[in-house]
Amino acid sequence: MAVNLTELSLPQLEGLKTQLDQETEFLSSSIGQLKVVQTKYVEAKDSLNVLNKKNEGKELLVPLTSSMYVPGKLHDVNHVLVDVGTGYFVEKNVEDGKEFFKRKIDFLTKQIEKIQPALQEKHAMKQAVVEVMNMKLQQLHSQQASQSGTTKA
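Since the model is a prediction, treat every value here as computed from it, not as a measurement. All residue numbers refer to position in the chain's written sequence, counted from 1. Only residues with pLDDT of at least 70 are given local features in this predicted model, and only at 80 or more are side-chain atom pairs given and counted; all residues enter the totals for whole chains, interfaces and linings. Side-chain measures were taken over the full set of non-hydrogen atoms in the model, leaving aside hydrogen atoms and water.

1. Here's the deal with the overall build of the protein chain
Right, on to step 1. Secondary structure elements follow DSSP: runs of H or I of four or more residues count as helices, runs of E of two or more count as strands, with numbering from the N terminus. The helix and strand inventory of the protein chain stands at 2 helices and 4 strands.
Right, on to step 2. Written out in order from the N terminus, the α and β elements of the protein chain read α-β-β-β-β-α.
Right, on to step 3. Only the C-alpha atoms count toward the radius of gyration. The rule for a globule is 2.2 Å times the residue count to the power 0.38. Over its C-alpha atoms the protein chain spans a radius of gyration of 28 Å, topping by over 25% the 15 Å that the globule rule assigns to 153 residues.
Right, on to step 4. C-alpha atoms of the protein chain, sized along the principal axes, occupy 95 × 35 × 25 Å.
Right, on to step 5. Throughout, exposure labels follow a simple rule: accessible area from a 1.4 Å probe, protein chains only, divided by the maximum for the residue type, with under 20% read as buried, over 50% as exposed, and the rest as partly exposed. In the protein chain, buried positions account for 22% of the 153 residues.
Right, on to step 6. In what follows, a contact means two residues having at least one pair of non-hydrogen atoms within 4.5 Å. Relative to all contacts within the protein chain whose residues are 6 or more apart in sequence, the contacts with residues 24 or more apart total 56%.
Right, on to step 7. Using the Shrake-Rupley algorithm and a 1.4 Å probe, accessible areas are obtained, with residue cover drawn only from the displayed protein chains. In the form shown here, the protein chain has an accessible surface area of approximately 11,200 Å², with 56% of it arising from carbon and sulfur atoms.
Right, on to step 8. As used throughout, the charge tally considers Lys and Arg to be positive and Asp and Glu to be negative, leaving His and the chain termini uncounted. A single reference atom marks each charge: NZ on Lys, CZ on Arg, CG on Asp, CD on Glu. Each charge class in the protein chain was averaged separately, 19 positive and 19 negative side chains, and the resulting centres sit 2 Å apart.

This is the structure:
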């Protein structure tokens, strides 16, 4: 159901603008969260490139926390444990691990591409509401100015 914005009152327009602000904030936040997860998958996929025969047996630092590491040796360059969610890990060979992360990255890219047009549409709607609000405010000011001018005469 389409609504003519010019038929709405200023309070109704303000309410609509507030609603659109909330929706654009939610969509922007959703895209941001998806991009954070996507970046983690890209980094995980890229880090699999160090798993090759020439690096087998090399020393490396193993993270215990984000700021604490212990020394270790790269023993198996053919297999990785992949976090598939809810605390479950699956052993995969390196190529399967790369493919897993590629699928996740592609899925997130598609989700972002689905949300982006909705966000742009909400921005455009908000802009239209603001323009109508400004027009109505100018009309209101000009009416008040003409009324105060006629009362002085």
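Now, onward.
2. Focus: the pairing of strand β2 (residues 68-73)
Right, on to step 1. Two strands pair under a simple rule: DSSP has to find at least two bridges between them. Bridge analysis of strand β1 (residues 59-65) against β2 gives 6 bridges, and the strand direction is antiparallel. Each residue of the ladder has a partner; that of Glu 59, found in β2, is Lys 73.
Right, on to step 2. Counted along the chain from β1 to the antiparallel partner β2, the turn is 2 residues long.

3. Details of the pattern of salt bridges
Right, on to step 1. Salt-bridge detection follows one rule: a side-chain nitrogen of Lys or Arg within 4 Å of a carboxyl oxygen of Asp or Glu. One pass over the structure, following the stated rule, counts 6 salt bridges.
Right, on to step 2. Linking Lys 17 and Asp 21 is a salt bridge whose minimum nitrogen-to-oxygen distance equals 3.3 Å. Pair noted here: Lys 17 and Asp 21 are both in helix α1 (residues 10-47), with a separation of 4 residues, about one helical turn.
Right, on to step 3. Looking at Lys 17, the relative accessible area reads 21%, which means it is partly exposed.

4. Observations regarding the packing of aromatic side chains
Right, on to step 1. Between rings of Phe, Tyr and Trp, where Trp is taken as its six-membered ring, a pair exists when centres lie within 6.5 Å; planes separated by under 30 degrees are stacked, by over 60 edge-to-face, and by other angles tilted. Counting across every chain of the model gives 2 aromatic pairs.
Right, on to step 2. On the numbers, 5.9 Å between centres and 40° between planes, the contact of Tyr 41 with Phe 101 is tilted. Placement of the pair is Tyr 41 in helix α1 and Phe 101 in helix α2 (residues 94-152), with a sequence separation of 60 residues. By the burial criterion, Tyr 41 is buried, and Phe 101 matches it.

5. A look at the nonpolar core
Right, on to step 1. Of all hydrophobic cores here, the largest spans 18 residues; its most connected members are Leu 48, Leu 51 and Phe 101.
Right, on to step 2. Sorting the residues of this core by element identifies α1, β3 (79-85) and α2 as the ones contributing at least two each.
Right, on to step 3. Those residues in contact with Phe 101, other than ones at most four positions away along the chain, are Tyr 41, Ala 44, Lys 45, Leu 48 and Val 82. We define the nonpolar core as a collection of buried residues of types Ala, Val, Leu, Ile, Met, Phe, Trp, Tyr and Cys that are connected through side-chain atoms lying within 4.5 Å of one another.

6. Some points on α1
Right, on to step 1. Helix span, expected: 1.5 Å multiplied by one less than the number of residues in the helix. For α1, built from 38 residues, the straight-helix expectation of 56 Å at 1.5 Å per residue is met to within 8% by its first-to-last C-alpha distance of 55 Å.
Right, on to step 2. Those residues of α1 that fall on the buried side of the exposure criterion are Leu 13, Leu 20, Thr 24, Leu 27, Ser 30, Ile 31, Leu 34, Gln 38 and Tyr 41.

7. Points about the environment of Ser 146
Right, on to step 1. In this fold, Ser 146 is placed in helix α2.
Right, on to step 2. Judged by its relative accessible area of 41%, Ser 146 is partly exposed.
Right, on to step 3. With 130 residues separating them in the primary sequence, Ser 146 and Leu 16 have C-alpha atoms 29 Å apart.
Right, on to step 4. Definition of a polar contact: a pair of N or O atoms within 3.5 Å, with one able to donate and the other able to accept a hydrogen when the atoms are protein atoms, and with sequence-neighbouring residues admitted only if both atoms are side-chain atoms. Within the local environment of Ser 146, its side chain forms a polar contact with the backbone oxygen of Gln 143, the two atoms lying 2.9 Å apart.

By themselves these figures say nothing about function.
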